[in-house]
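Letter by letter, the chains look like this.
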Amino acid sequence: MYKILLIDDEKLLCLSMQAKIDKALKGMEYECQYVLTGEAAIQKSQALKPDVAIVDYCLPDMFGNEVVHHIREVS
């Protein structure tokens, strides 16, 4: 099963991306979750171990590249 983590501070954008992913990956086994902050992304990635992370660059608590760096450290 593929695991996708969406990281963006705009909830409506996350929901829109989830809908597009659902349409694109119809019939495939996957799990798609979203979080709204960098800190939540780091915590969620430890539990979810995502195969793909789609990360906004400007989050309310840190920059997207910092999130990616932390996710890579714990993976």
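Our structure is the block above this text.
Quick summary incoming for the structure in this document. (Residues numbered from 1 in each chain as written. Predicted model: local features only at pLDDT ≥ 70, side-chain atom pairs only at ≥ 80, totals over all residues. Heavy atoms only, no water.)

Let us now look at the side chain of Ser45. Take Ser45: it is sitting in helix α2 (residues 38–48). Apart from the residues within four sequence positions on either side, Ser45 is in contact with Leu5, Pro50, Ile71 and Val74. (Helix = DSSP H or I, 4+ residues; strand = E, 2+ residues; numbered from the N terminus. Contact = heavy atoms within 4.5 Å.)

Looking now at helix α3 (residues 64–74). Three or more residues of α3 are buried, namely Gly64, Val67 and Ile71. Down the axis, α3 shows its buried residues gathered within 55 degrees of arc, on one side only. Across α3 from its buried face, at more than 90 degrees, point the exposed residues Arg72 and Glu73. Its buried side turned inward, α3 meets β1 (2–7), α2 and β3 (52–55). (Buried < 20%, exposed > 50% of the residue type's maximum accessible area, 1.4 Å probe, protein only. Arc of directions from axis to C-beta.)

Grouped together as the largest cluster of nonpolar side chains are 10 residues: Leu5, Ile7, Val35, Ala41, Ile42, Leu48, Leu59, Met62, Val67 and Ile71. Counting residues per element, the ones that place at least two in this core are β1, α2 and α3. Of all the elements, α2 adds the most residues to this core, at 3 residues. With near-sequence residues (within four places) excluded, Met62 lies in contact with Gly38, Glu39, Ile42, Tyr57, Val67 and His70. Membership of the second largest hydrophobic core comes to 5 residues, among which are Ile4, Leu6, Tyr30 and Cys32. (Core = buried A, V, L, I, M, F, W, Y, C linked by side-chain atoms within 4.5 Å.)

As a further point, take α2. Along α2, the residues classified as buried are Gly38, Ala41, Ile42, Ser45 and Leu48. Down the axis of α2, the smallest arc covering the buried residues is 145 degrees, so these residues share one side. Tucked into the core, α2 has its buried residues touching β1, β2 (30–35) and α3. For α2, the N-terminal capping position is held by Thr37, with its side-chain oxygen 3.1 Å away from the main-chain nitrogen of Ala40. In the stretch just after α2, Lys49 is the one whose phi turns positive, near 50 degrees. (Polar contact = N/O pair within 3.5 Å; in protein donor to acceptor, adjacent residues only side chain to side chain.)

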